[in-house]
Amino acid sequence: MERTLSSRETHQHAHPSLLDMANITKRFGAITVLDDISMRCAAGEVLAICGENGAGKSTLMKVLAGFYRPDGGEIRIDGAPVQFAHPLDSQRKGVAIIHQELSLLPHRTVAENMFLGREQSRFGILDRTRMRRDALRVLQRLQSNIDPNVKAGLLSIADQQMVEIAKALTVDARILVFDEPTAALDNAEAAKLFRLIDELRRDGAAILYISHRMGEVFTLADRISVIKDGRLVATLDRSDATSEGIVRLMVGREIGALFPARSHADLGEPILTVTEAGNKNLAGINLNLHAGEIVGVAGLEGSGKGALARALTGDEPFEIGTIRLWDGGGKVGSPRESVRRRIAYVPDDRKAEGLGLRQSLRDNAALARRSLTNPLALSSDGGCSPSSLDELLRQLDVRAASNSMPVGSLSGGNQQKVVVARWLAVAPRLWVLCEPTRGVDVGAKSTIYSILRDFAGAGGSVLVVSSDLAEIIGLSDRILVMSEGRIAAECPAGAGEEDIMKHAVLSHHPDTAEGAAA
């Protein structure tokens, strides 16, 4: 999306900096994570920050937000040096950060999460009415209909992300950091966020925007800074930058085609056949997957695309209908059975469902293999040896100081690569992936896409559920579109976004059933 420069943006660099981060250095033991990085952002400016997973972007923002203290350099706000010993110190100076990784407390309400640590009180008593009222006002500013009284753990991932954004807006912030804010949002929700960012910019906020999505970067940013291996390698005016040039600075090489070429070979045997299946979230599901193909599943938030993945992998099994897998068996009744029958499942919420955050990279990568192995024979299982697991992690270019460190200390994209490594340790016949590259940089995306294409080429079958239409279109051999818990349409490889969205918004009420069938 192109955007013309306003007169304010044209004279942006003449304005004094609201934020200066000068010569910031951060070490963890012997590892230098940030090496002499300097950045500035003026009032009314959007500075995009790009870099591979593990480059140091999130660490730099955590220094700004008071989670880490720098080992060198200083932060200045309005020209005055500041030091943050705690995140609350940063908030008091007008800094708010919207984290890529969700941090809501699931058993507290939306309103309680939005004011966590800053609870409002009256006469020494918690003022829940005021918190609910103020939370509702901020959510309405985001054009969200989320109920402030609902428990956060009951929300979808997309709605939880909207609450994280709303939470930051409850702080009287002049400096806002957005860390991959659209990773869980569909196009309509992302458009609302972009309108909000423009509003914040007009109000004079300084905005730092971290994203791997080049379209967003060039839609929003006034300037673009690129970090690689903990160093600032370039800062460019948007008018002087190109997507290809930014990617080259990020990864240090040409990426070429992001998506591997589709296979033109004939399809193999049926891997999965689903006939008139359903449960409380799905109805009338008819689906065939064959060896050698990648099938994409698109749809709006709440369309049932995630429920389809959960049903196929036994998390929320089908209750009616006929399901037949390549092994001759019927439906998968539980996640444990899914693993045993070698169905690889990558959930959309890696933090809550995909990883043991306190366990090491090696332990997480070994989980599927160990569940298939006799515990008494683990010592002789070469697939679970430290060296074999280290090789898997190396193939996926997982960036970590040590493979024995907790996986929760990694960036979101590196965590996702550990989840993928887990399934490379076994021999699945079917991959079911939800948002497989959420928060993953372009270099790692290319690696994951190649792994999936190679897997299909070797006779496997892949089902990819994604809110990223470019990913669905570029990767899939055919595309299923979900709407209201049903498969509304099947589109061929390379179908346009407009065609997909036309079916995604289609209603399945009886008076439109004829149109859906057509």
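Residues numbered from 1 in each chain as written. Predicted model: local features only at pLDDT ≥ 70, side-chain atom pairs only at ≥ 80, totals over all residues. Heavy atoms only, no water.

Explanation requested: the overall build of the protein in the structure shown.
Regarding its fold elements, the protein presents 19 helices and 21 strands. Over its C-alpha trace the protein gives a radius of gyration of 24 Å, about what one expects of a compact globule, namely 24 Å for 518 residues. With the principal axes as the frame, the protein shows a C-alpha extent of 70 × 60 × 50 Å. The burial tally for the protein puts 53% of its 518 residues in the buried class. (Helix = DSSP H or I, 4+ residues; strand = E, 2+ residues; numbered from the N terminus. Rg over C-alpha atoms; globule rule 2.2 N^0.38 Å. Buried < 20%, exposed > 50% of the residue type's maximum accessible area, 1.4 Å probe, protein only.)

Could you clarify how one ought to interpret the nonpolar core in this entry?
A general feature of soluble globular proteins is that nonpolar side chains tend to end up buried together. Core analysis: the largest hydrophobic core is formed by 38 residues, its most contacted members being Met114, Ile165, Phe178, Ile197 and Leu200. Where this core is concerned, the elements lending two or more residues are β6 (95-98), α4 (110-114), α5 (128-141), α6 (157-169), β9 (175-179), α7 (187-202) and β10 (206-210). Ranked by residue count, the leading element in this core is α6, at 7 residues. With residues near it in sequence (within four places) discarded, isoleucine 165 still touches Ile98, Leu142, Phe178, Pro181, Leu193 and Leu196. (Core = buried A, V, L, I, M, F, W, Y, C linked by side-chain atoms within 4.5 Å. Contact = heavy atoms within 4.5 Å.)

Can you help me understand the packing of helix α13 (residues 361-371) against helix α14 (residues 386-395) in this one?
In a packed pair of helices, the relevant descriptors are the angle between the two axes and the axis-to-axis distance. Where α13 contacts α14, the axes come no closer than 10 Å and their chain directions differ by 95°. As far as their axial angle goes, α14 and α13 are roughly perpendicular. Of the residues in α14, those touching α13 at Leu361, Arg362, Ala365 and Ala366 are Pro386, Leu389, Asp390 and Leu393. Partitioned by chemical class, the residues of the contact of α13 with α14 number 6 nonpolar, no polar and 2 charged. (Axes fitted to C-alpha atoms, helices over the stretch in contact; angles between N-to-C directions. Parallel < 35°, antiparallel > 145°, perpendicular 65-115°, else oblique. Nonpolar A, V, L, I, M, F, W, Y, C, P; charged D, E, K, R; others polar.)

So what exactly am I meant to see when it comes to α6 here?
Spacing of three or four residues puts side chains on the same side of an α-helix, whose turn is 3.6 residues. Relative to the 18 Å expected for 13 residues at 1.5 Å per residue, α6 spans 19 Å between its end C-alpha atoms, a close match to the ideal helical length. Among the 13 residues that make up α6, 12 are buried, leaving the element largely enclosed by the rest of the structure. Along α6, the positions that sit buried rather than exposed are Ile157, Ala158, Gln160, Gln161, Met162, Val163, Glu164, Ile165, Ala166, Lys167, Ala168 and Leu169. Among the structural elements, β6, α4, α5, β9 and α7 are those in contact with the buried residues of α6. At the N-terminal boundary of α6, the capping side chain belongs to serine 156, with an oxygen 3.1 Å from the backbone nitrogen of aspartate 159. (Expected span 1.5 Å × (residues − 1). Polar contact = N/O pair within 3.5 Å; in protein donor to acceptor, adjacent residues only side chain to side chain.)

Looking at this structure, how should I read unusual backbone geometry?
Negative phi values dominate among residues other than glycine, just as trans dominates among peptide bonds. Phi angles above zero are rare outside glycine, and glutamate 180 is one such case at about 50°. Its place among the elements puts glutamate 180 in the loop between β9 and α7. Overall, the relative accessible area of 4% leaves glutamate 180 in the buried class. Of note in the backbone geometry, glutamate 484 takes a positive phi value of approximately 50° without being a glycine. Here glutamate 484 shows up in the loop between β20 (478-483) and β21 (486-492). Residue class for glutamate 484 comes out partly exposed when judged on its relative accessible area of 45%.

Sorry if this is basic, but what is going on with helix α16 (residues 442-457) here?
Over its 16 residues, α16 extends 22 Å from the first C-alpha to the last, a length consistent with the 22 Å expected when each residue adds 1.5 Å. Most of α16 sits out of view: 12 of its 16 residues are buried. Elements that come into contact with the buried residues of α16 comprise α9 (243-251), β15 (294-298), α15 (412-424), β18 (430-434), β19 (461-465) and α17 (469-475). Just downstream of α16, glycine 459 is the residue with a positive phi angle, here 110°.

For this particular structure, what's the right way to read the sheet that holds β6?
Picture the strands of a sheet paired through backbone hydrogen bonds; they go either parallel or antiparallel. Strands sit in the order β6-β9-β10-β3-β11-β12 across an open sheet of 6 strands; the sheet is mixed. Either end of the sheet is taken by a strand with one partner, and the two such strands are β6 and β12 (231-237). Sheet twist, expressed as the average angle between the axes of neighbouring strands with direction ignored, equals 20°. One ladder, built from 4 bridges, connects strand β3 (residues 46-50) with strand β11 (residues 223-228); its direction is parallel. By the bridge assignment, cysteine 50 is partnered in β11 with valine 226. α6 rests against β6 and β9 of the sheet, and its axis sits at about 180° to β6. (Pairing = 2+ DSSP bridges.)

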